[in-house]
Each structure stands twice: as C-alpha cells, then as structure tokens.
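Understanding the architecture of this molecule
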Amino acid sequence: MLSNYKYSINLSKILFFLFFISVIFSQTGKVDYYGKVNSNHVISGQEYIASDDGTLLMYVNIWGHVKNPGTYLVYEGIDLLTLVSLAGGPKSGANFKNIEIIHDKRTDSITRINLNQYISSDKSLIVIKPHDTIYIKESMSSYLFTKVNLLNTILQIVNISYTMSKLP
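Rules of the game
In this convention, every chain numbers its residues from 1, walking through the sequence in written order. At least 70 in pLDDT is required for a residue's local features to be given in this predicted model, at least 80 for side-chain atom pairs to be given and counted, and no such filter applies to totals for whole chains, interfaces and linings, which use all residues. Hydrogens and water molecules were not included; the side-chain quantities draw on all heavy atoms of the structure. In the sections that follow, a salt bridge refers to a side-chain nitrogen of Lys or Arg positioned within 4 Å of a carboxyl oxygen of Asp or Glu. Strands here are runs of E lasting at least two residues and helices are runs of H or I lasting at least four, both read from the DSSP assignment and numbered beginning at the N terminus. Each residue's exposure class comes from its accessible area (1.4 Å probe, protein chains only) as a fraction of the maximum for that residue type: buried when under 20%, exposed when over 50%, partly exposed otherwise. Two N or O atoms form a polar contact when they lie within 3.5 Å of each other; inside protein one atom must be a possible hydrogen donor and the other a possible acceptor, and for residues adjacent in sequence the pair counts only when both atoms belong to side chains. The criterion used for residue contact is that any of the two residues' heavy atoms lie within 4.5 Å.

**Some remarks on the pattern of salt bridges**
Applying the stated criterion across every chain, the model contains two salt bridges. The shortest N-O distance in the salt bridge between R112 and E100 comes to 3.4 Å. Linking R112 in strand β5 (residues 109-113) with E100 in strand β4 (residues 99-104), this pair joins segments that are 12 residues apart in sequence. We classify E100 as buried; its relative accessible area is 9%. Between K137 and E100 there is a salt bridge, and its shortest N-O distance comes to 3.3 Å. Highlighted residues: K137 in the loop between β6 (133-136) and α4 (140-146) and E100 in strand β4, separated in sequence by 37 residues.

**Let's talk about the side chain of N61**
Structurally, N61 is set in strand β2 (residues 56-64). Under the relative-accessibility criterion, N61 is labelled buried at 17%. Engagement of the side chain of N61 in a polar contact is seen with the side chain of T71, the distance being 2.8 Å. A polar atom in the side chain of N61 sits 3.2 Å from the side chain of T133. Not counting residues within four places of it along the chain, the set of residues in contact with N61 comprises G70, T71, H131, D132, T133 and I134.

In structure tokens, the structure reads:
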C-alpha cells in the first residue's frame, strides 16, 4: 500500500515536470515541429524569407488612401505600381503628387514620388526594400468634400441666405 502511494507521488512529480517543460518550450507558431519557418511569420530581424520555390520574399507596408492598406508579403524587386495594385489600388481622391516611401525608421529616410512623373520615367530608380512603408495621402479637395462636408455647408449657407432674402 505504501509503495502505491510513493509511486503516485513520483508520477505526479513527473507529470508536473513534463507540463512545466512543455509550457516553457511551447511552439510560438513561427516554426513548425520539423524546424521549417512558417511563411506567415517574420522572425525578429529577418529581412527576407525564401518561399518553397526559392523566391526571395519580403514584408512591406502600404498605408493611407488605398483600398486595402496593410502588410504584404511580396517578391524582391517589386515595382511601386504593382505594389499599390496588390493593395487594391488607390481610392478616389488619392494624392499622386506626393507618395512617400519610408525606408528606415532609425534614419528617417523618406523618398517622395510624383506618380505621374514616375510612370513616364525610369522605374528602376525606386527600389522597394524589406519593411518599407508606402504612404499614399488623400488630396486636400477629397478630404474637404468627404470629411468636412464642405459642399453640404455651402448649400446650407446658400439656403439660409435665400430664405432670409425672401422674408418681408
């Protein structure tokens, strides 16, 4: 009887130890059980990811006035127009004259591009690097008409002035 009690204590210690070890060394989802890096996670400091076919992939961010802003996993050497197209393209009212590419957060390296000039020039001058952020701003006229309701305000003022001019 006493040996069964000692055996159950040892078994509970072993089970607690195994549980403790499994919690400490649990999988985070970045690497599967065979050691292969999952394609949907970036390990800290990693700039490029090799796909199954050997293509180098990198993460870039697209912010601002595009249909689907977010982080995209794209191939190395992608051009700006293809990248914006992946994000669903620009929304109506996007400012094409001042697109910003933020290259390095530490040095505040920013490239400003006029998209109309970019289309007619040598596209190889712009290099998209890993973890770059492309920011497409909304034009001022689009902002005024959509956010501030400028047209609605003007029509209300015209209506008030017309109504007041008709009063006896």
